[in-house]
Amino acid sequence: MDVIKNVVCPFCGTLCDDIECFVESGHIVKTRNACRIGHSKFTHKKGAVRYTEPLYRENKKDDFKKIDFDTAIEKTAEILVNAKKPLIYGFSATECHAHIEGMKLAEQIRGIVSNTAEVCHGPSVWALQDVGYPICTLGEVKNRADVVIYWGSNPMHAHPRHMSRYGVFPRGFFRSRGRKDRILIVVDPRETATAKLADIHLKVDPHKDYELISAIRSALKGFEVQSETIAGIPKETIYETVEILKNAQYGELFFAMGVTHTVGKHRNIDTAIELVIDLNAQTKFTLIPMRGHYNVNGFNQVCTWISGFPLCVDYSRGFPEFNPGDTSVTDSLLRGEADAMLNIASDPGAHFPQNAVKRMSKIPLICIDPHETPTSVLANIILPPTIAGVEDTGTAYRMDGVPLELKKVIDPPKSTLADREILKRISKKVGELLK
Ligand code: SF4
């Protein structure tokens with residue numbers, strides 16, 4: 001049995017880079033250090049459908065038939081070239097060279113290109129464009145943070161090794177006693193597995209985060225809190241919390257869907273960022289969004305280098321335009337404008353609003369995904385890729401913007417191609433058709 005060490009886990013934004021994979025007869029049979037989610041990404045589950053050959057059907061009511069790669073690429077290119085408002089969406093579970101190829105293709109076909117941040121940390125992006133981005137790396141948190149807040153996030157379930165590698169438990173250079181050297185504050189309406197570990201659990205009323213952050217900001221600036229309770233939290237607790245934040249030597253705010261998906265959305269993040277800026281007048285405080293997919297951040301980086309904008313980029317007028325709410329994939333589907341879609345490395349069929357999925361079920365849909373998903377079953381064409389970080393190399397960006405090299409651990413099934421290669425071949429064909 002071979003043991004491959006220092007493998008980077010291609011699942012969540014924690015991007016753990018200390019995984020060991022045990023390989024026997026070309027299969028990963030065991031992992032060490034990975035959490036349960038990471039482990040399941042590395043190992044094949046019995047009964048899971050893995051696509052190893054391209055599939056095609058003209059009519060979505062028909063069964064899929066196997067076709068060869070060249071024909072599948074040709075049909076894909078024809079669909080994209082003939083569409084008036086094509087979409088390219090996904091990208092968060094693949095590596096950065098696939099992102100580059102996707103951007104090139106989007107410009108060629110004058111489509112909208114975007115990633116899963118649309119339904120995730122998009123509101124954080126809109127907020128940081130407004131008020132700034134006082135971030136640090138996870139290593140800074142591990143070595144320095146003595147006050148750590150998880151606001152609207154439940155890492156015990158969503159980023160299982162985040163607290164043990166960086167946020168709470170590790171012994172750092174200036175935090176040699178690990179957990180004992182940190183105060184953990186969790187803000188969540190529910191008593192989550194993360195909240196159970198907290199020193200202070202602020203059980204905020206659902207959708208009232210904006211009010212609570214505003215009250216903390218006013219108390220921090222010396223104003224009196226006007227009501228006995230704000231957002232379900234007694235005013236004394238707010239004052240106590242402010243004292244803890246002010247007295248931090250190095251504070252960290254991690255935040256996630258509990259504030260990006262609830263009432264207020266990007267305005268919740270606006271005010272949270274401004275709280276961190278206010279705190280820096282008295283101490284040192286930074287924030288990090290709990291990015292979801294392992295390379296959702298990477299797409300936003302690549303998209304910005306290439307187009308100037310992080311997501312929701314519309315090339316329909318021949319140059320990049322960015323106006324989320326208008327130039328987003330979700331809105332284009334909801335308005336019924338999109339007339340073809342290429343989905344890669346994501347599952348909008350499971351995660352988009354129902355009416356957007358209905359539109360996906362009516363228009364030609366191409367899906368580049370290794371496994372059967374609620375999206376792939378709506379497709380007309382399925383192109384089978386290798387799995388980046390397991391069967392292929394590449395670059396991914398951690399939630400704090402640190403790039404890491406993905407390893408190839410095993411060989412992919414024959415007749416699969418890397419995501420970047422599939423997109424490159426589609427691009428080439430599109431170029432020929434557009435001549
Ligand atoms: S915490 Fe995230 S990156 Fe780390 S092993 Fe688990 S799923 Fe993988």
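Residues numbered from 1 in each chain as written. Predicted model: local features only at pLDDT ≥ 70, side-chain atom pairs only at ≥ 80, totals over all residues. Heavy atoms only, no water.

Caption draft 1: Local environment of the site of the ligand. Every residue near the ligand is listed here: Cys9, Phe11, Cys12, Leu15, Cys16, Ala34, Cys35, Gly38, Pro160 and Arg161. Spatially, the ligand is embedded in the largest cavity. Class assignment of the residues belonging to the shell around the ligand gives a composition of eight nonpolar, one polar and one charged. (Near = heavy atom within 4 Å. 1 Å grid on protein atoms, 1.4 Å probe; cavity = no way out; pocket = protein on both sides within 12 Å on 5 of 7 lines; lining within 4 Å. Sits in = over half its atoms within 2 Å of the grid points. Nonpolar A, V, L, I, M, F, W, Y, C, P; charged D, E, K, R; others polar.)

Caption draft 2: Structural detail: empty space enclosed by the protein. Inspection of the entire model under this criterion finds four cavities of 30 Å³ or more. Empty space within the largest cavity amounts to approximately 100 Å³. Lining the largest cavity are 13 residues, with Cys9, Phe11, Cys12, Cys16 and Cys35 positioned closest to its centre. By volume, the second largest cavity amounts to about 50 Å³. Around the second largest cavity, the lining residues are Trp151, Ile213, Leu253, Phe255, Val259, Asn268, Ile269 and Ala272. Every element with two or more residues in the lining of the second largest cavity is listed here: strand S13 (251-255) and helix H11 (266-279). The biggest single contributor to the lining of the second largest cavity is H11, with three residues. Residue composition of the lining of the second largest cavity, grouped by class: seven nonpolar, one polar and no charged. (Points joined across faces, edges and corners; volume = space filled by probe spheres on them. Helix = DSSP H or I, 4+ residues; strand = E, 2+ residues; numbered from the N terminus.)

Caption draft 3: Examining the state of the cysteines more closely. As enumerated under the stated definition, the model contains zero disulfides in all. Cysteine 96 takes part in no disulfide bond, and the closest cysteine sulfur, belonging to cysteine 303, lies 12 Å away. Between cysteine 136, a free cysteine, and cysteine 16, which holds the nearest cysteine sulfur, the sulfur-to-sulfur gap is 17 Å. (Disulfide = S-S within 2.5 Å.)

Caption draft 4: Summary view of the side chain of serine 332. Mapped onto the secondary structure, serine 332 falls in helix H13 (residues 329-334). Not counting residues up to four positions away in its chain, the partners in contact with serine 332 are Lys85, Leu87, Ile112, Glu337 and Ala338. (Contact = heavy atoms within 4.5 Å.)

Caption draft 5: Structural detail: the nonpolar core. If you look at the biggest cluster of nonpolar residues, it comprises 34 residues, and the most contacted ones within it are Trp151, Leu212, Ile238 and Leu253. Excluding residues within four positions of it along the chain, leucine 212 makes contact with Trp151, Val187, Leu202, Val204, Ile230, Ala231, Ile233 and Ile238. Ranked by size, the runner-up nonpolar core spans 33 residues in total, among them Ala83, Ala340, Ile381 and Leu423. (Core = buried A, V, L, I, M, F, W, Y, C linked by side-chain atoms within 4.5 Å. Buried < 20%, exposed > 50% of the residue type's maximum accessible area, 1.4 Å probe, protein only.)

Caption draft 6: Examining the pairing of strand S7 (residues 112-115) more closely. Across the two faces of S7 the burial is the same, with Ile112 and Ser114 and Val113 and Asn115 all buried. Bridge analysis of strand S6 (residues 86-90) against S7 gives four bridges, and the strand direction is parallel. In the sheet register, glycine 90 faces S7, and the bridge partner there is asparagine 115. With helix H3 (residues 96-109) bridging S6 and its parallel neighbour S7, the resulting β-α-β unit is right-handed. As defined by bridge partners, S7 adjoins strand S15 (residues 313-314) across two bridges and the pair is classed as antiparallel. Paired with valine 113 across the two strands is valine 313, which belongs to S15. (Pairing = 2+ DSSP bridges. Right-handed = clockwise from strand over helix to strand, strands pointing away.)

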